[in-house]
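Chain and residue survey
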Amino acid sequence: MKIYPPAHEPDALADGEGLLFWYGATHIARAENSRRYRLENRLDQLPGARAFVGRDLSERALEGIDRVLVVRPFVDGPARRQLDALRRRGCRLWADYDDLLFDGELEQFPNASRFWQRMRLRRRLPVYRQGLDAFDAFTCSTEPIAEALRRLRPGVPVHVVPNVPSARWIANGWERYGTSAWSEGGPRVLRYFPGSPSHDEDFATVSATLAALLHQHPELSLEIVGYLRFDARPFPSERISHRPRVPHSELPELLLSTWLNLIPLAPTPYSLARSNIKELEASAFDVPSVTGSPQDFRDRIEQALRDGR
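Thresholds, definitions, all that
- Residues numbered from 1 in each chain as written.
- Predicted model: local features only at pLDDT ≥ 70, side-chain atom pairs only at ≥ 80, totals over all residues.
- Heavy atoms only, no water.
- Phe/Tyr/Trp six-rings, centres within 6.5 Å; stacked < 30°, edge-to-face > 60°.
- Helix = DSSP H or I, 4+ residues; strand = E, 2+ residues; numbered from the N terminus.
- Buried < 20%, exposed > 50% of the residue type's maximum accessible area, 1.4 Å probe, protein only.
- Lys NZ or Arg CZ within 6 Å of the ring centre and 35° of its normal.
- Contact = heavy atoms within 4.5 Å.
- Expected span 1.5 Å × (residues − 1).
- Arc of directions from axis to C-beta.
- Salt bridge = Lys/Arg side-chain N within 4 Å of Asp/Glu carboxyl O.

This part takes up the packing of aromatic side chains. Under the definition given, this model contains twelve aromatic pairs. Note on Phe 74 and Tyr 128: the rings are 5.1 Å apart at their centroids and 70° apart in plane angle, and the pair reads as edge-to-face. Placement of the pair is Phe 74 in the loop between strand 3 (67-71) and helix 2 (77-88) and Tyr 128 in helix 3 (residues 115-130), with a sequence separation of 54 residues. Summarising the aromatic geometry, the rings of Phe 109 and Tyr 270 are spaced 5.5 Å apart at their centres and angled 50° between planes, so their arrangement reads as tilted. Of this pair, Phe 109 sits in the loop between strand 4 (92-97) and helix 3 while Tyr 270 is found in helix 9 (residues 269-272), placing the two residues 161 residues apart along the sequence. In this structure Phe 109 comes out as buried when scored by relative accessible area, which is 6%. Judged by relative accessible area, Tyr 270 falls into the buried class, the value being 8%. Here the aromatic cluster, defined as three or more aromatic residues joined through ring pairs, consists of Tyr 97, Phe 102, Phe 135 and Phe 138. The ring of Tyr 37 has Arg 36 sitting right over it, with the charged end atom 5.9 Å from the ring centre. A cation over a ring is seen here: Arg 124 above Phe 74, with NZ or CZ 4.0 Å from the ring centre.

As a further point, take the side chain of Ser 141. Looking at the element boundaries, Ser 141 is found in the loop between strand 5 (137-140) and helix 4 (143-152). Those residues within four positions of Ser 141 in sequence are excluded, and the remaining contacts are Arg 38, Tyr 97, Asp 98, Val 160, Val 161, Pro 162, Asn 163 and Ser 275.

Below, the discussion takes up helix 11 (residues 294-307). Over its 14 residues, helix 11 extends 20 Å from the first C-alpha to the last, a length consistent with the 20 Å expected when each residue adds 1.5 Å. Here helix 11 has its buried residues at Phe 297, Arg 298, Ile 301, Ala 304 and Leu 305. Projected down its long axis, helix 11 carries its buried residues within an arc of 140°, all on one side. Opposite the buried face of helix 11, by more than 90 degrees, sit the exposed residues Arg 306 and Asp 307. The inward-facing, buried residues of helix 11 contact strand 7 (188-192), helix 7 (207-216), strand 8 (220-225), strand 10 (260-264) and strand 11 (289-292). Immediately beyond the C-terminal end of helix 11, within one or two residues, lies Gly 308, with a positive phi of roughly 100°.

Taken as a whole and judged by the stated rule, the model has 23 salt bridges. Here Glu 107 and Arg 118 are joined by a salt bridge, their closest N and O atoms 3.0 Å apart. Of the two residues, Glu 107 sits in the loop between strand 4 and helix 3 while Arg 118 sits in helix 3, which places them eleven residues apart along the sequence. A relative accessible area of 51% places Glu 107 in the exposed class. Several salt bridges converge on common partners, so that one network encompasses Glu 9, Arg 38, Arg 42 and Asp 96.

The values reported here are purely geometric and, on their own, carry no functional implication.
Here you go:
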């Protein structure tokens, strides 16, 4: 069992006392993974900290609070007024990002080719960018996000706090499902776990390569777990399946029976700034991952077929 040490928090947050994590996303349910990785997992290592999920901070939530860390802040008018009120009462304001929400060209964002998503991005991207000036310091999940923050807010402290799987989640997964791990001679199931509705372009970069590999190697099958729009017609119909996302607590059961975990990434700044949390989660259950270019996918999968895994 591989247990990852918790990510190091900046000294200004380290004990958690007087710290409130505020998650006020307008689509909280759709951002479940961000809430888990950037709030819940971090609270495990900051026992003195508290959390508030919702658009409107309550007075009770702010009792004893002198620092507020806003997760994925969307600083529209109502949020700006709340942040101004927090500053007037002496709170230090931090922001946290696990995606490159505030930087880049419109065309580089997930699903930007779709009309309604493009219109939504056109409205939201300036709000994300302009909202950076509301904060005294930042945490983020990857170095590319940190580089963008340093460029846009020079002189403001930026700290990289990587996403890491919860030790409790890993231990519970092995305890509940550990007897079903993949072993030599088992089914060679490739699995892709998109996690959120923003990975269509990522999968599209390797779809043709994967379809060709499944036609060439009848021992391979592909299962997609979670949100994804893709064309299944090029794949052998009897060896591709698409199932709804599963609760995070049940994800280890699928990981343990996975031959290779797929992590395609479109060659855009947004996708390349994502964290490696999906690779770490798979590795915790002894599942190797495949990422990179279409040729990297082909080479790695064919090598695994020759080597057994």
